[in-house]
Amino acid sequence: MTPQDALQQALNGLSFGALLFILAAGLSLIFGMMDVVNLAHGAFYMLGAYVALSVTRATGSFWAALVIAPLALAVLGLLVEPLLLRRLRGRHLDQVLITIGLSLVIADFIRLRDDWGWGATVRSLPFPAGLDRSISIAGSDYPTYRLFVIAFSAGLALLLYVLHRRSRIGALVRAGVGDAEMLSALGVDTDRLFTVTFAIGAGLAGLAGVVAAPVFGLQPGMDVDALIYSLIVVVVGGLGSLSGSIAGSAVVGPADTFGKVLFPQFALALIFAIMALVLLFRPTGLLGRVRIGR
Amino acid sequence: MVIRAAMVLAVWLALVTFPQWSSAWESSRFAAGIIRQVLIFAIFASSLNLLVGYTGLPSLGHAAFFGGGAYAAAIAAQRLGTDQLFVSLGAGVIGAALLALLIGFLAVRALGIFFLMLTLALAQMVFAIAFQATDLTGGSNGFSGVHRPVLFGLDLGAASDLYVLVCAIALSVGLLLWRVTTSTYGRALVGVRENERRMRAIGYDTRTLKLSAFVLAGALAGVAGALSSYEFRFVSPNDVALGTSVTGFVMVLIGGGGTLIGPIVGAAVVLLIERVLPSQLPAQTVLGIVFIAFVVFARQGIVGAARRLARA
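Residues numbered from 1 in each chain as written. Chains lettered and ligands numbered in written order. Predicted model: local features only at pLDDT ≥ 70, side-chain atom pairs only at ≥ 80, totals over all residues.

## A short note on the overall build of chain A
Keep this limit in mind: Per the convention used, a helix needs a DSSP run of H or I reaching at least four residues, while a strand needs a run of E reaching at least two, with both numbered from the N terminus. Our radius of gyration looks at C-alpha atoms and nothing else; its globule reference is 2.2 Å times the residue count to the power 0.38. To sort residues by exposure, count the other C-beta atoms lying within 10 Å of each residue's C-beta; 20 or more gives buried, 12 or fewer gives exposed, and values between give partly exposed, all with C-beta atoms placed from the backbone. We call two residues in contact when the distance between their C-beta atoms, placed using the backbone, is within 7 Å.
Broken down by element type, chain A carries 10 helices and 2 strands. The helix and strand sequence of chain A, counted from the amino end, reads α-α-α-α-β-β-α-α-α-α-α-α. Its C-alpha atoms give chain A a radius of gyration of 19 Å, near enough to 19 Å, the size a compact globule of 294 residues would have. In terms of its C-alpha atoms, chain A occupies a principal-axis envelope of roughly 60 × 50 × 35 Å. For chain A, the residues scored as buried account for 49% of the 294 residues in total. Long-range contacts, defined as pairs at least 24 residues apart, comprise 75% of the intrachain contacts of chain A with a sequence gap of at least 6.

In structure tokens form, the structure reads like this:
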């Protein structure tokens, strides 16, 4: 591997990690607040990508899709949480099971909507105008869209961090993650807080779907892939904390990318091996606060 | 006890002779095919029930052992050049059990929802291997041309012979699970489900208990997988995929976890939705909605709800 190749792959790994962060942040946020692993997270991601496809076709603008698709998914989250999850409050496993049923319905819905230009065939979303070129970095061409993904995700991480640390909703989220019951006793409407949290998490999944679509395309099964990768990221990094999502995606993104280049046969085995090692020797994840096991 | 055993035997005899006494019915052969598949998936769901229903381990990766068993059976028969039932079925069971030992070793360290996440992720690794190891598994095209087995000299190639084989193995697995769940070992598994910390305090090595249940369940899922490879003469990465794990989980939950009959009922309901429902209805959507409805309104499943009604 020449230094140019190494740099190129390092950037690829970084942009994949950046994407994984957007995906995992939503999953981790919902878990931190509600103790629910949202197994429909991959389906939300997939739906975000397909909504972006339709919006881009209708308006001709990727940027409109980047705003509308996450909002659409947030609205879905606003409906799902009170309608389905709230009635099972306290039954965490059952809430997780509900999200399995939900993901079946969403994936089937997308598969059957041929008339919307969705369906079971592979679709692609073009790169947005202005980011469809390559620029020269250290003597080799590199697609600008992937650089945009890195910058966008870094900006998002910063925004989330500031919201988390400095805003009222961030303070409520931190308090809810610490002890939701106590927060409720102090007079905060935790039902509303849970709904908002779930909506933000769903919106982040949708956002990840939009950002990923030009790079990875849209096809059946992308929901499962997204779910598995986000689960690995949160197990490695640690569930329920923003810094855990950052750490996990920073490890898994580059490891997966370099693994695929260096030993294509064992790329998946590599990230699963990392996950197994973390689990055996650091059951909270690298920066987590929740113990995954004993 | 005797009455119940006689009832089970009567139902089983009726089932085994179904192709004979229903032969006047025009859809008899189609129905027999559905029954075979229901029984195969009933074995799969029952094995998962040992984890989900009895031990309280919500595994979402059980397809790894179903598909793993199917691949092991098919590959062993092909590589060893034999159609003997004991070779391919044995390979399916042992392959699935070894896989379960490997995955279980990691997974039983995690608790509750994390156990579910881990089994899901680790099973997906098995899926990726099945998908990528094209030389061994046929990759995305699947492994086609699986031979139906031979029992000593007896050829089980005809659908009617396979029917009897599936019925016989389903009964054996059912009896085995009945033995296991009523034994002290089975009661200990239920103890782990109810209160693992207390079981540890009493002196049980709960991690070993959970791992042993995981391996036993994996081996029985391997039986179902091997039978499915005979049934469809085909093994595909789909058999290892998350969809199959979810199907098994849905069967256990709809039928009723923690009961012996529940997964059988669940397998029948799910396959009827998937295979018999009018094809213009979206089967996965119906399944998803039915599943959500059961989780919300009837968490104990059909059998659990029926028992509650009978008691009231």
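## Quick look at the packing of helix H2 (residues 41–59) of chain A against helix H3 (residues 62–85) of chain A
Angle between the axes and distance between the axes: these two values describe a pair of packed helices. Residue and element names in this part refer to chain A. Worth spelling out the cut-off: Here an angle of 0 to 180 degrees is reported between the N-to-C directions of two axes, which are lines fitted to C-alpha atoms, with helices fitted over the stretch in contact. For classification purposes, an angle smaller than 35 degrees is called roughly parallel, one larger than 145 roughly antiparallel, one from 65 to 115 roughly perpendicular, and anything else oblique. By convention the crossing between two helices is left-handed if the near helix lies anticlockwise of the far one by an angle smaller than a right angle, and right-handed if it lies clockwise.
Where H2 contacts H3, the two axes come as close as 8 Å, and the packing angle between them is 140 degrees. Considered as vectors, H2 and H3 are oriented oblique to each other. Judged by the twist between their axes, the crossing of H2 over H3 is right-handed. The residues of H3 that touch H2, namely those facing Phe-44, Leu-47, Gly-48, Val-51, Ala-52, Val-55, Thr-56 and Thr-59, are Phe-62, Ala-64, Ala-65, Ile-68, Ala-69, Pro-70, Ala-72 and Leu-73.

## Details of H2(A)
In an α-helix there are 3.6 residues to a turn, and that puts residues three or four apart on one side. All names here are of chain A. As a reminder of what qualifies: To estimate how far a helix should reach, multiply one less than its number of residues by 1.5 Å.
Under the 1.5 Å per step criterion, the end-to-end length of H2 is 26 Å for 19 residues, consistent within 8% with the ideal 27 Å. Burial of H2 is extensive: 15 of the 19 residues sit out of reach of the surface. Immediately downstream of H2, the backbone of Gly-60 shows phi near 75 degrees, a positive value.

## Topic: the interface of chain A and chain B
In many analyses, interface size is given as the accessible surface area lost on bringing the parts together. Convention followed: Each residue gets one label: Ala, Val, Leu, Ile, Met, Phe, Trp, Tyr, Cys and Pro are nonpolar, Asp, Glu, Lys and Arg are charged, and the others, such as Gly, are polar.
Listed as interface residues are 33 residues of chain A and, on the opposing side, 29 residues of chain B. At the level of elements, helix H4 (92–112), helix H8 (222–237) and helix H10 (267–281) of chain A are the ones that each hand at least two residues to the side of chain A that touches chain B. Here the element with the most residues in the side of chain A that touches chain B is H4(A); it accounts for 14 residues. When grouped by side-chain class, the residues that make up the side of chain A that touches chain B number 25 nonpolar, 4 polar and 4 charged.

## Description of the confidence of the model for chain B
All names here are of chain B. Defined as follows: Scored from 0 to 100, pLDDT reflects the predictor's confidence in each residue.
For chain B, the average pLDDT comes to 90, and 100% of its residues sit at 70 or higher. Here strand E3 (residues 154–155) is the element of chain B with the lowest mean pLDDT, 74, and helix H10 (residues 206–232) is the one with the highest, 95. Per the prediction output, this complex has pTM 0.89; the corresponding ipTM is 0.85.

## So, the pairing of strand E2 (residues 140–143) of chain A
All names here are of chain A. Rules: For two strands to count as paired, DSSP must find a minimum of two bridges between them.
As judged from the 4 bridges shared by strand E1 (residues 134–137) and E2, these two strands associate in the antiparallel manner. When the sheet's bridge partners are listed, Ser-136 is paired in E2 with Asp-141. Joining the antiparallel neighbours E1 and E2 is a turn of 2 residues, in which Ala-138 adopts a positive phi near 50 degrees.

## Brief notes about helix H3 (residues 28–55) of chain B
All names here are of chain B. Relative to the 40 Å expected for 28 residues at 1.5 Å per residue, H3 spans 38 Å between its end C-alpha atoms, a close match to the ideal helical length. Counted residue by residue, H3 has 21 buried out of 28 residues, so it is predominantly covered. One or two positions beyond H3, positive phi appears at Gly-56, with a value near 75 degrees.

## Focus: the packing of H4(A) against helix H13 (residues 283–297) of chain B
Relative to each other, H4(A) and H13(B) sit at 165 degrees, their axes nearing to 8 Å. Taken together, the axis directions place H4(A) and H13(B) in an arrangement best described as roughly antiparallel. Relative to H13(B), the crossing made by H4(A) is left-handed. Two secondary-structure elements touch here, H4(A) through A:Asp94, A:Leu97, A:Ile98, A:Gly101, A:Leu102, A:Leu104, A:Val105, A:Asp108 and A:Phe109 and H13(B) through B:Gln284, B:Thr285, B:Leu287, B:Gly288, B:Ile289, B:Phe291, B:Ile292 and B:Val295.

## Regarding unusual backbone geometry
Positioned with a positive phi, A:Asp35 is a non-glycine residue whose angle comes to about 60 degrees. Looking at the element boundaries, A:Asp35 is found in the loop between helix H1 (3–34) and H2. You can call A:Asp35 partly exposed: it has 18 C-beta atoms within 10 Å. With a phi angle near 55 degrees, B:Arg233 is a residue other than glycine that sits in the positive phi range. One can find B:Arg233 in the loop between H10 and strand E4 (234–235). Overall, the presence of 14 C-beta atoms within 10 Å leaves B:Arg233 in the partly exposed class.

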